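# Per-entry structural report
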Amino acid sequence: MKVLLIQPPVRDFYNTDLRLQPIGLAYLKAAVKKYLPEIKVIIKDYHAGWGRKTVACPREFDFLKPFYGSEDKSPFSTFHHYYHFGADFGAITKDIAKEKPDLVGISSLFAPYYREVLAAAEAVKKASDIPVLIGGSHATAMPAQMLAHPAIDLVIRGEGEKPFVEFLKVYSSLLKRKKGPFAPIKFLRTVPNLGYKKGGKIVLNPCAENYPVDELPFPDL
């Protein structure tokens, strides 16, 4: 079984080093290696190292144009252009088709970039109809909003290491039995912190404690 964990691109006036660190994905990978070593986990960083390109500024920011109207060459670097930082979504689709994972997990950390998470999920679905799971602070705060999108199949709320491992136990078992990713659905009820869709309705399982901090392995960087 192969799991692909994605850090999606972002769109903003500027970028920061903090946003470039996929530390949460590295913790998930390390946890899977410790508790389910037979599962292969790959992290794909579609944010860092891909450069930037200028894109159209969202209409919601039209009120800023009088203030950001001229390109600034001063050391203060005030805003002017709006950028896409990271890989093109078409490149993500091609990469997913090449990798052929059994599951894709997407980091949804920052609320201002939830649209990029949804676009990344759509890019995955264009390559293959595999399950897409998201986690992170925005997914935790707005699970119903994210699950309402057709490209999002699953959400993990809160600290994700133990719920992710527990979900992979269920999912890998179903794959081995060739029962399909979500059949029988009753097995999903056993996974803490998991959100999913059942009969067109959103189901959010109760949250539980994560592994004790001294049992968490060092993030796999």
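Here we summarise the structure given alongside this text. (Residues numbered from 1 in each chain as written. Predicted model: local features only at pLDDT ≥ 70, side-chain atom pairs only at ≥ 80, totals over all residues. Heavy atoms only, no water.)

## Focus: helix H2 (residues 89-99)
Here is the rule we go by: In this scheme, a residue with accessible area under 20% of its type's maximum is buried, one over 50% is exposed, and one in between is partly exposed, where area comes from a 1.4 Å probe on protein chains only. Every helix listed is a DSSP run of H or I at least four residues long, and every strand listed is a run of E at least two residues long, numbered separately from the N terminus. Arc definition: directions from the helix axis to the C-beta atoms. We call two N or O atoms a polar contact when they sit within 3.5 Å, provided that within protein one can donate a hydrogen and the other can accept it, with sequence-adjacent residues counted only if both atoms are side-chain atoms.
Within the span of H2, buried status applies to Phe89, Ile92, Thr93, Asp95, Ile96 and Glu99. For H2, the buried positions fall inside an angular range of 165° around the axis, keeping them on one side. When the buried face of H2 is taken as reference, the exposed residues oriented beyond 90 degrees from it are Lys94 and Lys98. At the N-terminal boundary of H2, the capping side chain belongs to Asp88, with an oxygen 2.7 Å from the backbone nitrogen of Gly90.

## Quick look at the sheet that holds strand S9 (residues 194-198)
Our working definition: Strand pairing requires that DSSP identify at least two bridges connecting the strands. A fitted line through C-alpha atoms serves as each axis, taken over the contacting stretch for helices, and the angle formed by two N-to-C directions is quoted from 0 to 180°. Here, residues are in contact when the closest pair of their heavy atoms is within 4.5 Å.
What the seven strands build is an open sheet, ordered S3-S1-S6-S7-S8-S9-S10; its pairing is mixed. The open sheet terminates on both sides in strands that have one partner only, identified here as strand S3 (40-45) and strand S10 (201-204). The sheet shows a mean angle of 25° between the axes of neighbouring strands, taken without regard to direction. Of the strand pairs in this sheet, strand S1 (residues 2-7) and strand S6 (residues 103-107) are connected by four bridges, and their pairing is parallel. Counterpart to Val3 in the pairing with S6 is Leu103. In this fold H2 packs onto S1, S3 and S6, with an angle of close to 165° to the strand it touches most, S1.

## Focus on the packing of H2 against helix H3 (residues 114-127)
Each pair of packed helices can be summarised by the angle the axes make with each other and by the distance between the axes. Formally: The labels follow the angle: roughly parallel below 35 degrees, roughly antiparallel above 145, roughly perpendicular from 65 to 115, and oblique for the rest. In this scheme the crossing of two helices becomes right-handed for a clockwise turn of the near helix relative to the far one and left-handed for an anticlockwise turn of less than a right angle. For this classification, Asp, Glu, Lys and Arg are treated as charged, while Ala, Val, Leu, Ile, Met, Phe, Trp, Tyr, Cys and Pro are nonpolar and the rest, including Gly, are polar.
Direction vectors running N to C along H2 and H3 enclose 40°, while the axes themselves pass 8 Å from each other. Between H2 and H3, the interaxial angle falls into the category oblique. Crossing hand, H2 versus H3: right-handed. Along its contact with H2, which presents Phe89, Ile92, Thr93, Ile96 and Ala97, the element H3 presents Glu116, Ala119, Ala120, Ala123, Val124, Lys126 and Ala127. Per-class residue counts for the contact of H2 with H3 are nine nonpolar, one polar and two charged.

## Overview of H3
Stated formally: One less than the number of residues in a helix, times 1.5 Å, gives the span that helix is expected to have.
Compared with the 20 Å implied by 1.5 Å per residue over 14 residues, the 20 Å span of H3 between its first and last C-alpha is a close match. Within H3 the residues assigned to the buried category are Glu116, Val117, Leu118, Ala119, Ala120, Ala121, Ala123 and Val124. Tucked inside the fold, the buried residues of H3 contact S1, strand S2 (10-12), H2, S6, strand S7 (132-135) and helix H5 (143-147).

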